[in-house]
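Below, each chain spelled out in residue letters.
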Amino acid sequence: MAPHHKTPKKARVQGAYAFALDQQHRYGTTFFKADIFRSVGVSNRRGYAILRDCPRTFNNNPFVDETRGRKKLLTEEDIDKMEKVIWEHGIEGRMLSYQGLLIEAGVDKEVSTRTVQRALGQRDWRRCVACTRSFVNSKLAERRVEEAKRSLEYRPCKEDWRDIRFSDEFHVSSGASGRVWILQKPGERYCPDCIVERPKKEEDKNTAHFWGAVGYDFKMERLHEYSIPTNNNGKMTQRYYRDHIFEGIVKPWIEEVRAGAPSFTLEEDGDSGHGRNGKNIVKT
């Protein structure tokens, strides 16, 4: 894939910069790089990246020398060491703070966090909130794959899924989110090293619990909020599922079908509260 702002836009930035330096040397005029970037139509970040890539001289112009200015506090070798830690340590390396990464890489320099951030930013590293995934054991993962294959054999076309109403419970908590920040590059959001596992047990206080269903050309008018007296983690019981979900929500849908509305299939997951296994009040 071609890099962003390849010639002629890249050449225009470098050419305008060379001209501005030449005028500064000859006539003592001042200029701002941001003005050059704005006139060409590139962002400041991309403009500085273009100037870093430009040759040391333009047409043997001695005034365009990228060695001018303050010496970099972190060298390319230092950045290489920090990148090596990120790549070799996986998610643990990506979760390190900027200062922690500096120490882990063995870079013995007194520099600020902002300096490390800018140095890594030159190579498109940025700190973002890590994606999370629930804990799924290998056997459950295998069952999910097999079920998906069977479902696709039975419903090979997307139109075959229009009668499905997908349902599930979900939970919303207030307070501190406990988000994990990681280092990643653009396009790495779903990389295995960029995803952290959500703990098996989460804080249950200040949590609201909901049940809902959605399908093709269908959605509930409002989500069903529920609470279970015997627990505070939103674990659905079979009695509540039967009395409130089936009787209160699904049964009216069935009556609409009997009155002429399109039929539907209610999709559920394997939660024990749904009565999936054995003989129980939900199946009955």
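On a predicted model such as this, the values are computed, not experimentally measured, just so you know. (Residues numbered from 1 in each chain as written. Predicted model: local features only at pLDDT ≥ 70, side-chain atom pairs only at ≥ 80, totals over all residues. Heavy atoms only, no water.)

S.K.: Before we move on, can you summarise a nonpolar patch on the surface with the specific residues and values?
M.R.: A cluster of nonpolar side chains, contributed by Phe 170, Val 172 and Leu 223, occupies part of the molecular surface with about 240 Å² of accessible area. Turning to its location among the elements, Phe 170 is positioned in strand S3 (residues 164-173). Assessed through its relative accessible area of 32%, Phe 170 is described here as partly exposed. (Patch = residues over 30% accessible without salt bridge, like charges linked within 9 Å, V, L, I, M, F, W, Y side chains within 5 Å. Areas by Shrake-Rupley, 256 points an atom, 1.4 Å probe, with all protein chains shown as cover. Salt bridge = Lys/Arg side-chain N within 4 Å of Asp/Glu carboxyl O. Helix = DSSP H or I, 4+ residues; strand = E, 2+ residues; numbered from the N terminus. Buried < 20%, exposed > 50% of the residue type's maximum accessible area, 1.4 Å probe, protein only.)

S.K.: So what's going on with the packing of aromatic side chains? Which residues, and what values?
M.R.: By the definition in use, this model includes ten aromatic pairs. Centroid distance Trp 161 to Phe 166: 6.5 Å. Interplanar angle 15 degrees. Geometry classified as stacked. Exposure remark for Trp 161: the relative accessible area of 25% places this residue in the partly exposed category. Relative to Trp 253, the ring of Phe 218 has its centre 5.2 Å away and its plane inclined at 85 degrees; by these criteria the two rings are edge-to-face. Of this pair, Phe 218 sits in strand S7 (residues 218-219) while Trp 253 sits in helix H8 (residues 238-258), and the two are 35 residues apart along the sequence. Phe 218 sits in the buried class, given a relative accessible area of 19%. The exposure class of Trp 253 is buried, given its relative accessible area of 10%. An aromatic cluster of three or more residues is present, and its members are Trp 211, Phe 218, Trp 253 and Phe 264. Seen from the ring of Phe 218, Arg 165 lies directly overhead, with NZ or CZ sitting 3.8 Å from the centre. Lying across the ring of Phe 264, Arg 165 places its NZ or CZ 4.3 Å from the centre. (Phe/Tyr/Trp six-rings, centres within 6.5 Å; stacked < 30°, edge-to-face > 60°. Lys NZ or Arg CZ within 6 Å of the ring centre and 35° of its normal.)

S.K.: Outline a positive patch on the surface, supporting the account with residue identities and numerical values.
M.R.: A cluster of basic residues, Lys 139, Arg 143, Arg 144, Arg 276 and Lys 283, forms a positive patch on the protein surface. Within the secondary structure layout, Lys 283 lies in the segment after strand S9 (265-267). Residue classification places Lys 283 among the exposed residues on the basis of a relative accessible area of 52%. (Lys, Arg positive; Asp, Glu negative; His and termini not counted. Charge placed at Lys NZ, Arg CZ, Asp CG, Glu CD.)

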